[in-house]
Amino acid sequence: MAEAVLEVFRGNKDGGSPVQYTVPITPGMVVLDALHHIQGHQAPDLAVRWNCKAGKCGSCSAEVNGRPRLTCKTRMDSLPADKPITVAPMKSFPVIKDLVTDVSWNYRVNKKIPPFTPKPGVPWKMYQEDVDRVQEFRKCIECFLCQNVCHVVRDHDKKEEFGGPRFFVRVASLEMHPLDGESRTALLKNELGIGYCNITKCCTEVCPEDIHITDNAIIPLKERVVDEFYDPVLKLVRMIRKAPAR
Amino acid sequence: MNETKYETHEHDVLIIGAGGAGLRAAIEALAQGAKVAVVSKSLLGKAHTVMAEGGIAAAMSNVDKADNWKTHFRDTMRGGKFLNNWRMAQLHAQEAPERVRELEQWGALFDRTSDGDIMQRAFGGHTFKRLCHVGDRTGLEMIRTLQDRGVQLGFDVFMECTIIRLLTEGNRVVGAFGYWREQGRFVVLKAKAVVIATGGIGKAWRVTSNSWEYTGDGMTLAYDAGAALQDMEFVQFHPTGMVWPPGVQGLLVTEAVRGEGGLLRNKNGERFMEKYDPKRMELSTRDVVARSIYTEVREGRGSPHGGAFLDISHKPAEYVKQKLPSMYHQFKELADVDITKEPMEVGPTCHYVMGGIRVEAETAESTLPGLFAAGEAAAGLHGANRLGGNSLSDLLVFGRRAGLSAAALAAKSQPGKIDPAQVAEAEKAMLAPFERGDGENPYALHRDLQEVMGNLVGIFRLEEDLAKALAELEKLKQRYTKVRVEGSRIFNPGWHLARDLHSMLTTSEAVTRSAIARKESRGAHSRIDHPDFDDRWGKQNNVISRDGNNMKLTQVPVKEMPEELKQILAEDK
């Protein structure tokens with residue numbers, strides 16, 4: 001039977017190193033299958049998060065051969081067979097153990113976002129063409145691969161000043177909801193630091209749900225922030241009306 | 001008890017499980033002013049509800065104007081072969097539309113009709129187009145909506161925390177004891193009322209659509225604490241799981257494929273459902289379709305990998321991609337099959353348990369005071385077989401009811417006293433696998449359990465197989481006393497599995513004992529040696545409770561249905 005060699009990071013917050021495991025290959029096998037095989041036969045304490053094994057829950061994120069992926073959707077036969085497959089935890093989050101990282105920052109960011117707030121007295125009618133673009137954002141499975149790959153988080157560690165692509169997608173889903181009456185542009189500018197994003201599209205590239213994060217969520221939101229805070233004509237109008245910008 | 005020894009929290013209502021039922025219960029308890037804790041084995045928003053694909057059944061009559069709660073009630077009772085708790089089926093049918101509208105008001109975005117209303121699709125066993133949906137990712141939409149609502153209202157979330165024992169004072173539940181999966185430290189959660197919403201038991205079978213979380217924890221916690229379980233023999237095998245490649249065997253293929261017009265064929269190209277249910281064909285109930293596929297394969301008419309062909313390629317490719325996007329990607333990426341061009345191969349997979357904790361219909365309270373249950377963890381609504389789409393509505397209707405009653409009970413109760421002996425006992429049992437120098441590997445034990453349940457307690461059942469399963473389970477229980485784990489307490493999946501095995505062994509035994517007792521075939525319970533309905537059994541629930549260290553099984557008569565509901569059932573449409 002054909003075999004594959006994996007180099008899986010083993011360690012904790014104090015450090016660690018890759019450990020080699022050899023597993024038998026079966027047709028259609030994915031990297032998560034290989035990790036389960038290691039757990040079941042060689043290393044019962046190998047820490048891995050997973051739930052649905054169908055690309056629907058976004059739990060099994062890791063870096064496979066250096067690329068952020070869902071391990072349940074990464075086919076072994078899509079990877080070069082002539083060298084070991086490396087599996088490492090997401091780099092942008094602190095390691096708890098092995099492939100499991102502390103993603104609690106994401107849940108803290110989420111709490112800052114004002115929820116869906118329907119316009120008062122709104123009739124509950126919506127048309128498919130009005131919800132299409134929001135449904136794209138609602139596909140997000142919160143795998144946090146976009147957060148992991150974003151250089152504002154990954155290289156500059158601006159976690160306290162920045163929301164990250166996942167939460168721009170979430171804000172976009174609320175701001176573009178046909179019946180929502182809340183404005184979140186001040187939040188985007190100040191607390192979520194959308195200005196840090198310089199639209200390199202790394203997030204879009206790794207999204208397993210193919211959400212056009214940069215083009216459909218971030219850029220339109222940036223435009224809203226610009227319109228509200230930096231448009232000279234509007235600024236003048238506001239000064240005349242003495243309506244303070246929010 | 002030395003209160004400082006364990007991290008301790010105190011709430012009015014403690015909810016175990018953060019899927020649809022648990023989150024809906026939490027939202028309702030919060031709305032009543034209760035202080036609420038939600039505990040989940042996974043991260044928030046990853047619960048099994050995200051895997052629900054097809055939709056939420058609710059008689060909104062947006063598409064088929066003739067639909068109403070009475071028809072939904074009748075469909076549910078017929079699908080459940082009349083063993084359902086009729087009061088639950090009535091409440092469910094009546095309240096589901098309002099629960100769906102609520103989701104929309106909290107921000108959920110369903111697919112729309114041309115009139116701007118929530119779109120509804122056809123599904124097996126439903127007379128009308130009834131399933132409110134978002135493509136084939138309805139569960140994700142639902143869980144995200146509930147999660148955001150709960151976070152906004154302000155519950156305390158205990159993520160990656162496993163409850164290992166309910167704590168009782170006399171005959172009342174006063175809290176729970178668990179551990180943080182991350183660091184392996186123990187935690188005491190005191191509460192005036194506890195809601196169990198932990199889902200099902202499917203991980204005891206090898207071919208299953210269920211995730212690792214589905215180990216029957218909630219039912220076992222309730223059983224261990226003295227509550228009764230009901231109808232455990234009714235395990236639903238979903239007719240369409242993937243059969244190839246091996247790594248994805250059992251993975252769910254949504255019923256929405258058939259709802260959108262998908263056809264089932266055998267290797268000879270025959271639409272074999274003509275033989276088994278010519279009227280409803282592919283949209284027959286799940287028990288019937290699963291048995292039909294199984295029979296076709298057993299009689300040599302299966303697909304190359306031992307399933308049936310499910311074909312939607314006669315529909316326009318763009319339509320398929322829009323209505324079934326995750327199926328399209330799932331087959332393309334995991335099986336190299338383009339479902340817009342070629343058929344899928346599918347076969348039955350363990351999916352859902354109709355049985356669970358015995359509850360009161362109105363209040364969702366179990367037989368143990370202070371303990372409530374909702375969703376898949378509770379029994380009654382679905383009787384002998386669940387209709388597709390009735391699970392998501394179940395979570396909403398009875399999750400809300402459980403939260404409401406738990407908050408009401410908490411409001412009139414004083415905090416209970418925690419018994420240190422119960423805590424110490426649970427801690428000792430939990431740590432024992434670390435102390436054994438030599439012993440059983442929990443993964444090996446799990447594989448063996450899955451073989452037993454898959455081979456002997458499957459779609460078709462026979463007394464001698466079931467008796468053999470019971471004997472095998474006894475051996476596995478013996479081996480379980482010697483289970484050993486390696487490594488530390490920090491995020492140790494082998495250790496976590498060792499605990500989950502206790503739950504899986506308990507619920508597997510309950511399923512097997514109930515299956516032996518029910519000497520008839522009804523819904524999802526098919527006995528080769530008793531192939532027909534037996535009217536006497538149609539009026540009995542199997543009820544399991546703990547008697548010392550033994551499992552006690554009794555039959556309890558189903559309550560008589562009131563005349564007005566009987567009349568609804570008698571109507572022909």
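Before any of the text, the structure's been laid out above.
Source: prediction; values computed, not measured.

On a plain count of helices and strands, chain A comes out with 10 helices and seven strands. Overall, chain A is about 75 × 40 × 25 Å in size when its C-alpha atoms are taken along their principal axes. When burial is assessed residue by residue, chain A has 47% of its 246 residues classed as buried. Within chain A, counting contacts between residues at least 6 apart in sequence, those at least 24 apart form 64% of the total.

On to the interface of chain B and chain A. Contact with chain B, which involves 48 residues of that partner, is made by 46 residues of chain A. For the side of chain B that touches chain A, the element with the most residues is helix H4 (residues 138-153) of chain B, which contributes six residues. Looking at the side of chain B that touches chain A, its residues break down into 22 nonpolar, 14 polar and 12 charged.

With that settled, consider the nonpolar core. All names here are of chain B. Counting residues in hydrophobic clusters, the biggest one holds 251 residues, and the most contacted among them are Val13, Ile15, Val194, Val195 and Ala373. Counting residues per element, this core draws most heavily on helix H11 (residues 390-411), at 11 residues. Sequence-distant contacts of Val194, defined by excluding residues within four places in its chain, comprise Leu14, Ile16, Leu166, Val173, Ala176, Gly370, Leu371 and Phe372.

We now examine the sheet that holds strand S4 (residues 120-121) of chain B. Residues and elements named next belong to chain B. What the three strands build is an open sheet, ordered S3-S5-S4; its pairing is antiparallel. In this open sheet, the two strands that pair with only one neighbour each are strand S3 (56-57) and S4. Here S3 runs beside strand S5 (residues 131-132); their pairing, made up of two bridges, is antiparallel. By the bridge assignment, Ile56 is partnered in S5 with Cys132.

Residue and element names in this part refer to chain B. Running from N to C, helix H13 (residues 442-456) and helix H15 (residues 493-517) cross one another at 25 degrees; their axes reach a closest spacing of 9 Å. With respect to their mutual orientation, H13 and H15 come out roughly parallel. In this structure, the crossing between H13 and H15 has a hand that is left-handed. On H15, the residues touching Pro442, Tyr443, Leu445, His446, Leu449 and Met453 of H13 are Gly494, Leu497, Ala498, Leu501, Met504, Leu505 and Ser508.

Basis of the calculations
Residues numbered from 1 in each chain as written. Chains lettered and ligands numbered in written order. Predicted model: local features only at pLDDT ≥ 70, side-chain atom pairs only at ≥ 80, totals over all residues. Helix = DSSP H or I, 4+ residues; strand = E, 2+ residues; numbered from the N terminus. Buried ≥ 20, exposed ≤ 12 C-beta atoms within 10 Å, placed from the backbone. Contact = placed C-beta atoms within 7 Å. Nonpolar A, V, L, I, M, F, W, Y, C, P; charged D, E, K, R; others polar. Core = buried A, V, L, I, M, F, W, Y, C linked by C-beta atoms within 7 Å. Pairing = 2+ DSSP bridges. Axes fitted to C-alpha atoms, helices over the stretch in contact; angles between N-to-C directions. Parallel < 35°, antiparallel > 145°, perpendicular 65-115°, else oblique. Left-handed = near helix turned anticlockwise from the far one by under 90°.

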